[in-house]
Each structure stands twice: as structure tokens, then as C-alpha cells.
Amino acid sequence: EAGRIGDRPETDEGPGMTKSDETGRQGKAMTAESTRALREYYVTCMPGLEEPVAGELRALGAEIVRTGGLGVECRGDEGLRYRANLWLRGASRVLEPILRAEVVSQESLYDAVRSVDWGRHMSVKQTLSVDCRLRDSQLRHSGYAALKVKDAIVDQFRERFGVRPNAGPAGA
């Protein structure tokens, strides 16, 4: 069964493929219980691999939301994150969004990032690294945007705990 973490779905259609159900969707059936626990993911890939990655995600039980922009937006249970990291061949990263916000300035970026309880995602003993890519953005410099994100996170830790996490190089 493809629902267990680490299991790779296999059928007579070949490794990593599943048969379509009567509605034409592929992958694990979504039940009322599983749809309550759906999480959002963004899976990055190289240009031109969005559709093949979407097919791989469907085979792992994902509900595809949108393809394009160098990746695939999808929904799935928590186990999808692990299955995707184990079995996707065309993907680069499996990301789970923490925040969606309208950002129109450096200040609104800082404020939006500051609104997240970062203590739920990391401890002050961990090293923080921020990597940023901008596309169709009013912010023009990705390095400066990454710096504002890092500042908002470490400022929150310093304010709440009196210490800040170490900040490593971007992309590390």
C-alpha cells in the first residue's frame, strides 16, 4: 500500500505508477479523514520537468494544485513529504510553506516574517540559513530580501529569549 512512509507505489504499469481510478485521478484515494489533514507543498524542479514531477506526485497520492514556475504546488497528507523526498526523481526540493503574505515593501516583508512563531520551527541552538529567489516582485534584490527575512527571525528570538540563533551563509 502506498500510504505507508517509504513505500513506493508499484503496479503492472511499472515502478512509481498507479492506475487511474474511475474519476481519472491517479494516486491514493482521498477520504474525508485524509482531506482534513491535507498539507500544502511546493516541489521545485528544473524547467520543463513540471509535468513529469506532477505525474510522480500523483502516483504518490498528491492532489495537484498548479504546475509551472519551476515547480508543482500540491496537497497531500504528512506522509507525502517523506514519500516525495524518497521517490521523486525529477524534483530538487520538497518545501512546505510556513507563511503566505502580500509583500509590497521591505518593511511588509519583515513584519510578515516576524508574525510567525519561529520557536515552533527551530530552536535558538540551530543555525539559520535563508535563501531567496525573487520573481515578479516589487523587491528587487534577493540578497537584501534574504537579509530582511533573517533579521526578522533572529530579532524575534533575541526579543523572546535574549539570544539569537547563528546565521549561516545563504543556501547552506
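Above this text is the structure in question.
Just so it is clear, the structure is predicted and the values come from calculations on it, not from any experiment.

A.B. asks: Is there a simple way to explain the pattern of salt bridges in this structure?
C.D. replies: When their charged atoms lie close together, side chains carrying opposite charge are able to pair. Throughout the structure, instances matching the rule amount to 15 salt bridges. Here R81 and E78 are joined by a salt bridge, their closest N and O atoms 2.9 Å apart. Placement of the pair is R81 and E78 together in helix 3 (residues 78–87), with a separation of three residues, close to one helical turn. Assessed through its relative accessible area of 37%, E78 is described here as partly exposed. Of the charged contacts in the structure, one is a salt bridge between D151 and K150, with a shortest N-O distance of 3.0 Å.

A.B. asks: Even after reading the chapter, I still don't get the pairing of strand 5 (residues 71–76), so can you show me in this structure?
C.D. replies: Successive residues of a regular strand alternate their side chains across the two faces of the sheet. With five of six residues buried, strand 5 is to be regarded as a mostly interior element. Note: strand 3 (residues 39–45) against strand 5, six bridges, orientation antiparallel. Bridge assignment links T44 to a residue of strand 5, and that residue is G71. Following strand 4 (residues 63–67), the chain reverses through three residues before pairing antiparallel with strand 5; G68 in that reversal takes a positive phi of roughly 120 degrees.

A.B. asks: Explanation requested: the environment of W118 in the structure shown.
C.D. replies: Among the secondary structure elements, W118 is positioned in the loop between helix 4 (106–114) and strand 7 (127–128). Look past the residues within four positions of W118 in its chain and what remains in contact with it is I98, V113, I153, Q156, F157 and R160.

A.B. asks: Honestly, the environment of V104 in this entry has me stumped. Any pointers?
C.D. replies: With respect to the secondary-structure elements, V104 resides in the loop between strand 6 (91–95) and helix 4. For V104, a relative accessible area of 44% corresponds to the partly exposed category. In this structure the C-alpha to C-alpha distance between V104 and Q138, which are 34 residues apart in sequence, comes to 6.1 Å.

A.B. asks: It is not clear to me how the packing of helix 4 against helix 5 (residues 142–161) should be interpreted in this structure. Could you clarify?
C.D. replies: Each pair of packed helices can be described by the angle between their axes along with the distance between the axes. As a packed pair, helix 4 and helix 5 sit with axes 9 Å apart at the nearest point and diverge in direction by 40 degrees. Taken as axis vectors, helix 4 and helix 5 run oblique relative to one another. Where helix 4 crosses over helix 5, the handedness of that crossing is right-handed. Contacts between helix 4 and helix 5 involve Q106, L109, Y110, V113 and R114 from the former and Y144, A145, K148, V149, D151, A152, I153, D155, Q156 and E159 from the latter. Partitioned by chemical class, the residues of the contact of helix 4 with helix 5 number eight nonpolar, two polar and five charged.

What counts, and where the lines are drawn
Residues numbered from 1 in each chain as written. Predicted model: local features only at pLDDT ≥ 70, side-chain atom pairs only at ≥ 80, totals over all residues. Heavy atoms only, no water. Salt bridge = Lys/Arg side-chain N within 4 Å of Asp/Glu carboxyl O. Helix = DSSP H or I, 4+ residues; strand = E, 2+ residues; numbered from the N terminus. Buried < 20%, exposed > 50% of the residue type's maximum accessible area, 1.4 Å probe, protein only. Pairing = 2+ DSSP bridges. Contact = heavy atoms within 4.5 Å. Axes fitted to C-alpha atoms, helices over the stretch in contact; angles between N-to-C directions. Parallel < 35°, antiparallel > 145°, perpendicular 65-115°, else oblique. Left-handed = near helix turned anticlockwise from the far one by under 90°. Nonpolar A, V, L, I, M, F, W, Y, C, P; charged D, E, K, R; others polar.

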